[in-house]
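Structural overview for review
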Amino acid sequence: MRLSFLEPLYAEPGPFASVYLDTSRDIEHPERAIALRWRRLRDNLTRQGADRSLLEALEEVVGADTEVPGAHGQAVFAAHGALVLDGELPRPPAHDSARYGTLPDAMPLVTQHAPEIPYLAVTVHYGGLPTAETHGWVTLDAETGTWPASNVTPGERLHRRIAVAAWHHTAVRLGHRLHEWARRAHADAVVIGGNEWATNVLVRRLPHTLRDRVVRVGGPTPTHTRRALLEPQLNSVLGGRMAAHDRELVDIFIGRRALHLAATEGLSPTVAALQRGQVAALLLNRPPAPSLRLWAGPQPTQLALTEAELTCFGVRAPHEERAEEALMRTLVGTGAELVVVPESELTLREGVGALLRYTDPGTPS
């Protein structure tokens, strides 16, 4: 998973306020519920030392995502009296939270956006009788997106209405259009639902390279929900899968580990590689436990297991941080990717490993 969308978070030094709250609107009186949640979080931030200007910057955007229907959440970050990042969460957070500290609490936002699977969703609706060659119509809607973030931030939508008499011929042209669209989006899957007869016609006319990625789904296929096209089906089809890009990185790691090449495993050697800016992709079995701490300095690569280690490097006044916050800053600051891989797919020593950009004689493994 590429983390460039987090770069604004680390453009300026902290301290930061990091807020996660449920902003779902599938309940009665949602605005009242959101206001109550925010009031509790605001009081919590005040107790942690956040000043009035910071709280006012947050208050301007908390709950402002009124155009997003259904169940979802919001992640908001602010520093020095200004909003830094406002992100939508595909699911409500497990619990509302607010932290005020030196580094932003970005890991929950990232894990909600993982595994970032690019896809193309297509619905085909038919009105009329298949035997009526001059009457009726076929309506095609298609949308690209990156799951699961697309649940609350749907992508570009294509809409076409075609006469039944022209559907067989037009499906060929639309198939090539969809193929090019999927290619540009690097779609791992093409999820298609709707009328069986009309979708059969379309699928048979898709280019072979696209047809191999097609997943046919059933169930309701509404197109005017203001949510992602085929959202329930996408959650069923893509849930538990890894993105093809992440799968490729995991396969490379397995191969390199077996040959003792440019890969490392375990917390200590991985932190050492992060210090050198060697890490191309960090692999985690799960986010680090809140109790796990690392020491950090003002620069992204100033990361260590102990205060003494950073002091030896000449870092003045290093500070202890939650490991997930320190690691995230280092990954973003060095342009590294993050792959959360289930233990059932790959068990990592101490739950962490890394693909390296290069190796040198001093790199532990």
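Keep in mind it's a predicted model, so treat the numbers as computed, not measured. (Residues numbered from 1 in each chain as written. Predicted model: local features only at pLDDT ≥ 70, side-chain atom pairs only at ≥ 80, totals over all residues. Heavy atoms only, no water.)

Glancing now at the overall build of the protein. The helix and strand inventory of the protein stands at 11 helices and 16 strands. Across its three principal directions, the C-alpha atoms of the protein cover 80 × 55 × 30 Å. Taking all 365 residues of the protein together, 51% fall into the buried category. For the protein, contacts bridging at least 24 residues in sequence account for 72% of all contacts bridging at least 6. Total accessible area on the protein is roughly 16900 Å²; 52% of this is exposed by carbon and sulfur atoms. (Helix = DSSP H or I, 4+ residues; strand = E, 2+ residues; numbered from the N terminus. Buried < 20%, exposed > 50% of the residue type's maximum accessible area, 1.4 Å probe, protein only. Contact = heavy atoms within 4.5 Å. Areas by Shrake-Rupley, 256 points an atom, 1.4 Å probe, with all protein chains shown as cover.)

Let us look at the sheet that holds strand β8 (residues 189-194). Strand order across the open sheet formed by 5 strands is β7-β6-β5-β8-β9, with mixed pairing between neighbours. Unpaired on one side and paired on the other, β7 (157-163) and β9 (214-217) mark the two borders of the sheet. Sheet twist, expressed as the mean angle between neighbouring strand axes with direction ignored, is 20°. Bridge count between strand β5 (residues 117-127) and strand β6 (residues 137-147): 11 bridges; the pairing is antiparallel. In the sheet register, Leu-120 faces β6, and the bridge partner there is Thr-144. Along the sheet, helix α4 (residues 164-185) makes contact with β5, β6 and β7, crossing β7 at roughly 165°. (Pairing = 2+ DSSP bridges. Axes fitted to C-alpha atoms, helices over the stretch in contact; angles between N-to-C directions.)

It is worth spelling out the domain arrangement of the protein at this point. As assigned here, the protein comprises domain 1 (14-104), domain 2 (117-238) and domain 3 (244-356). If you average the C-alpha positions of domain 2 and of domain 3, the two centres end up 40 Å apart. (Domains from an automatic or database assignment.)

What follows deals with the environment of Val-138. Mapping Val-138 onto the fold places it in strand β6. On the basis of relative accessible area, Val-138 is assigned to the buried category, the value being 0%. Considered as a pair, Val-138 and Val-124 are 14 residues apart in the sequence and their alpha carbons are 6.8 Å apart. In this structure Val-138 touches Val-124, His-125, Tyr-126, Arg-160, Arg-161, Ile-162, Val-164, Trp-167, Trp-197 and Ala-198, once residues within four positions along its chain are discounted.

So, about the sheet that holds strand β1 (residues 16-22). Taken in spatial order, the 4 strands line up as β3-β2-β1-β4 in an open sheet, and their pairing is antiparallel. Of all the strands in the sheet, just β3 (82-89) and β4 (97-101) have a single pairing partner and so form its edges. Along the sheet, successive strands turn relative to each other by an average axial angle of 10°, direction set aside. Two elements, β1 and β4, share 5 bridges in a ladder whose sense is antiparallel.

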